[in-house]
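# Examination of the molecular architecture
Here is what each chain is made of, one letter per residue.
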Amino acid sequence: MLRQHLKRYGYQSAEDAIEFIMAGICIVPPLLMLSGFVFAGAAVLMFLIIFLAVVGIFTPAPPAPPAPAENKNEDKETPPL
């Protein structure tokens, strides 16, 4: 149900959610701290860091790059004389 709800808002994958959380880490706590709400800014920063870790735990690993194909027709290197 949560995935369907997030897709309505435009989040297609976990990468979108991670970008959103990173933007929140960069913007919200400094604005709160600059406006005088230091404790609230620190609390929001800690919450967002923990939330980022939780999202990262449940994010599947990216697919591995394909292994380089060995070319059997390649001439072997001759040893120096």
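Everything below is about the structure printed above this text.
Now for a description of the structure that goes with this document. Values in this document were obtained by computation on a predicted structure and should not be read as measured data. (Residues numbered from 1 in each chain as written. Predicted model: local features only at pLDDT ≥ 70, side-chain atom pairs only at ≥ 80, totals over all residues. Heavy atoms only, no water.)

## Observations concerning the packing of helix H2 (residues 14–34) against helix H3 (residues 38–57)
Relative to each other, H2 and H3 sit at 170°, their axes nearing to 8 Å. Relative to H3, H2 is oriented roughly antiparallel. Here Ile 18, Ile 21, Met 22, Gly 24, Ile 25, Val 28, Pro 29, Leu 32 and Met 33 of H2 come into contact with H3, specifically with Val 38, Ala 40, Gly 41, Ala 42, Val 44, Leu 45, Leu 48, Ile 49, Phe 51, Leu 52 and Val 55. In terms of residue class, the contact of H2 with H3 is made up of 18 nonpolar, 2 polar and no charged. (Axes fitted to C-alpha atoms, helices over the stretch in contact; angles between N-to-C directions. Helix = DSSP H or I, 4+ residues; strand = E, 2+ residues; numbered from the N terminus. Parallel < 35°, antiparallel > 145°, perpendicular 65-115°, else oblique. Contact = heavy atoms within 4.5 Å. Nonpolar A, V, L, I, M, F, W, Y, C, P; charged D, E, K, R; others polar.)

## Concerning a nonpolar patch on the surface
Together, Met 46, Ile 49, Ile 50, Val 54, Ile 57 and Phe 58 make up a nonpolar patch on the protein surface, roughly 640 Å² of accessible area in all. Secondary-structure assignment places Ile 49 in helix H3. (Patch = residues over 30% accessible without salt bridge, like charges linked within 9 Å, V, L, I, M, F, W, Y side chains within 5 Å. Areas by Shrake-Rupley, 256 points an atom, 1.4 Å probe, with all protein chains shown as cover. Salt bridge = Lys/Arg side-chain N within 4 Å of Asp/Glu carboxyl O.)

## A short note on H3
Taking 1.5 Å of rise per residue, 20 residues should cover 28 Å, and H3 covers 29 Å from first to last C-alpha, within 8% of that figure. Along H3, the residues classified as buried are Gly 41, Leu 48 and Val 55. Projection of H3 onto a plane perpendicular to its axis shows the buried side chains occupying an angular sector of 55°, all on one side. Residues Phe 39, Phe 47 and Ile 57 are exposed on H3 and point more than 90 degrees away from its buried face. Buried-residue contacts for H3 involve H2. (Expected span 1.5 Å × (residues − 1). Buried < 20%, exposed > 50% of the residue type's maximum accessible area, 1.4 Å probe, protein only. Arc of directions from axis to C-beta.)

## Topic: the packing of aromatic side chains
For the coordinates displayed, the defined rule picks out 1 aromatic pair. Here the aromatic rings of Phe 47 and Phe 51 are separated by 5.9 Å at their centres, their planes lie at 5°, and the arrangement is stacked. Of the two residues, Phe 47 and Phe 51 are both situated in helix H3; the distance of 4 residues between them amounts to about one turn of the helix. (Phe/Tyr/Trp six-rings, centres within 6.5 Å; stacked < 30°, edge-to-face > 60°.)

Keep in mind that these numbers describe shape and distance, not what the molecule does.
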